[in-house]
Each structure stands twice: as structure tokens, then as C-alpha cells.
Amino acid sequence: MRPVKQEPAHRINRNIRVPQVRLVGDNIENPGVYPTMEAIKIADELDLDLVEISPNADPPVCKITDYQKFLYQQKRKQKELKAKAVKVVVKEIRFGPNTDDHDYQFKLKHAEKFLNEGAKVKAYVFFKGRSILFKDKGEILLLRFAQDLEEIGKVEQLPKLEGKRMTMFIAPKASAKNK
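Values in this document were obtained by computation on a predicted structure and should not be read as measured data. (Residues numbered from 1 in each chain as written. Predicted model: local features only at pLDDT ≥ 70, side-chain atom pairs only at ≥ 80, totals over all residues. Heavy atoms only, no water.)

A few points about the overall build of the protein chain
If you tally the helices and strands in the protein chain, you get five helices and eight strands. Along the protein chain, helices and strands appear, N-terminal first, in the series β-β-α-β-β-α-β-α-β-α-β-β-α. Radius of gyration (C-alpha) of the protein chain: 29 Å, far over the 16 Å computed for a compact globule of 179 residues. When each of the 179 residues of the protein chain is scored for burial, the buried share is 32%. (Helix = DSSP H or I, 4+ residues; strand = E, 2+ residues; numbered from the N terminus. Rg over C-alpha atoms; globule rule 2.2 N^0.38 Å. Buried < 20%, exposed > 50% of the residue type's maximum accessible area, 1.4 Å probe, protein only.)

Pasting the structure below:
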């Protein structure tokens, strides 16, 4: 099996095969549209690379920069974006269709704690065997659960039956996170 040649993410220098490019960069006196060969000459004079940044633009946008430095900056930007991304935690709470009041209160307290911590709550009623006959009980239980949590969370998905589970999602309200 032959090794697969991986194409670089950006076309550089002689790999840019369009007649004209829009030139941008910190070291350009007058940015604008140039013939590709002239842009490559300008890059060579500065001992830098011509890097195609936006190939879908008309004409494609190219930047005169050191390619390795450009790749490093791209990686750093990706890393920063990844660090800033909010990680959503989903906590699950399981009920039976005939959940007792004490168990319900216990699970309600846990759900309140999860929502106050900023996590989403996935509450579901699991039907075993013939208990699927009590679908309405399960739905009533989940709607009561949503109603009890309406001050600190908002319902993202109303109770929905999927196989042997009736599921509902509750997300924290913005004010609950700031406490």
C-alpha cells in the first residue's frame, strides 16, 4: 500500500494557480490585486512566502508572510478558541413511573444543585416491562419536575417517548449561573 500524500492546508508560492490574487500583509506598501507571478516576485524579494488565505474569494486573497510562522499562529488561534469554548455538562436523573414522593424530592434537590453549577439536566422515566402502560404517569412526573425547577432552569425539550424512555432536558437559566 502506497503512503497517501497529504496536501498542505494552504497553497503557497508556485502552487497558487490563478492569474490574479488580492495581496494583503503587514509588509506591503500598497495592497491590492496583482498578477500571481508579480506577487510571488514581491514575496521572494522579501525572503517570505506567498500564502493563499482565502481561496474562495474572487480573486483569492494571499498574504506575504513566513509560512511556518503563519502555521504556528493558526495553531495558536485554534488552541485559544478551544480553550474559550464552553464545555456543557449533562447530568442524568432517572425516575421510574411510580417514583415515591421522598425519592422525587431527593432527585429534585440534586437537579437544583446541578442547575446551579451550570450543568444541563436530562431527566428521564425508564419503563420496565409492562410499566410502559403508565406513559401518562411518566409524563405527569416529568412535567411536575419541570414546574418545580422553572425558577432556576428552563425546559429545552418537553417530555418525549423514545423506546422505553421518556426524556426531558432542562438547561440552567442565565441568572442561576451567576449566583
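That shown, we press on.
Points about the pattern of salt bridges
Under the defined criterion, the tally for this structure stands at five salt bridges. Where Glu-52 meets Arg-11, a salt bridge forms, and the shortest distance between an N and an O atom there is 2.7 Å. Separated by 41 residues along the polypeptide, Glu-52 in strand β3 (residues 49-54) and Arg-11 in the segment before β1 (20-24) bring together distant segments of the chain. On the basis of relative accessible area, Glu-52 is assigned to the buried category, the value being 3%. When its relative accessible area of 38% is taken as the criterion, Arg-11 is described as partly exposed. Between Glu-156 and Lys-120 there is a salt bridge, with its nearest N and O atoms 3.2 Å apart. (Salt bridge = Lys/Arg side-chain N within 4 Å of Asp/Glu carboxyl O.)

What about the nonpolar core?
In terms of nonpolar packing, the biggest core is built from 21 residues, with Phe-95, Val-121, Phe-145 and Leu-149 touching the most fellow members. Here this core takes five residues from helix α3 (residues 101-116), the largest share from any one element. Ignoring sequence-local partners within four residues, the contact set of Val-121 consists of Lys-91, Ile-93, Ala-111, Phe-114, Leu-115, Phe-145, Met-168, Phe-169 and Ile-170. Counting 11 residues, the second-largest nonpolar core is a separate cluster that includes Ile-16, Val-21, Ala-39 and Leu-50. (Core = buried A, V, L, I, M, F, W, Y, C linked by side-chain atoms within 4.5 Å. Contact = heavy atoms within 4.5 Å.)

Thoughts on the sheet that holds strand β7 (residues 153-162)
Here we have four strands laid out as an open sheet, ordered β5-β6-β8-β7, and mixed in their pairing. Two strands bound the open sheet, and with one partner strand each, they are β5 (90-95) and β7. Looking at each pair of strands side by side, their axes are set apart by 20 degrees on average, direction ignored. Where strand β6 (residues 120-126) and strand β8 (residues 165-172) come together, six bridges link them in antiparallel fashion. Across the sheet, residue Lys-122 finds its bridge partner in β8, namely Phe-169. Against the sheet, α3 touches β5, β6, β7 and β8, its axis set at about 170 degrees to β5. Sitting on the sheet, helix α4 (residues 135-148) is in contact with β5, β6, β7 and β8, with an inclination near 5 degrees to β8. (Pairing = 2+ DSSP bridges. Axes fitted to C-alpha atoms, helices over the stretch in contact; angles between N-to-C directions.)

Comments concerning the UniProt feature "domain: Translation initiation factor 3 N-terminal" (unreviewed entry) in the protein chain
Using the residue numbers shown here, the UniProt feature "domain: Translation initiation factor 3 N-terminal" (unreviewed entry) corresponds to residues 12-80. Secondary structure across residues 12-80 comprises 35% helix and 29% strand; the distance between its end C-alpha atoms is 25 Å. (UniProt positions renumbered as here; feature names shortened; annotations may be inferred.)

Some words on the packing of aromatic side chains
What the rule picks out here adds up to four aromatic pairs. Geometrically, the ring pair formed by Phe-95 and Tyr-104 is tilted, given 6.1 Å between the ring centres and 35 degrees between the ring planes. Grouping residues by exposure puts Phe-95 and Tyr-104 together as buried. Measuring from centroid to centroid gives 6.1 Å for Tyr-104 and Phe-145, while their planes differ by 75 degrees, and the two rings are edge-to-face. (Phe/Tyr/Trp six-rings, centres within 6.5 Å; stacked < 30°, edge-to-face > 60°.)

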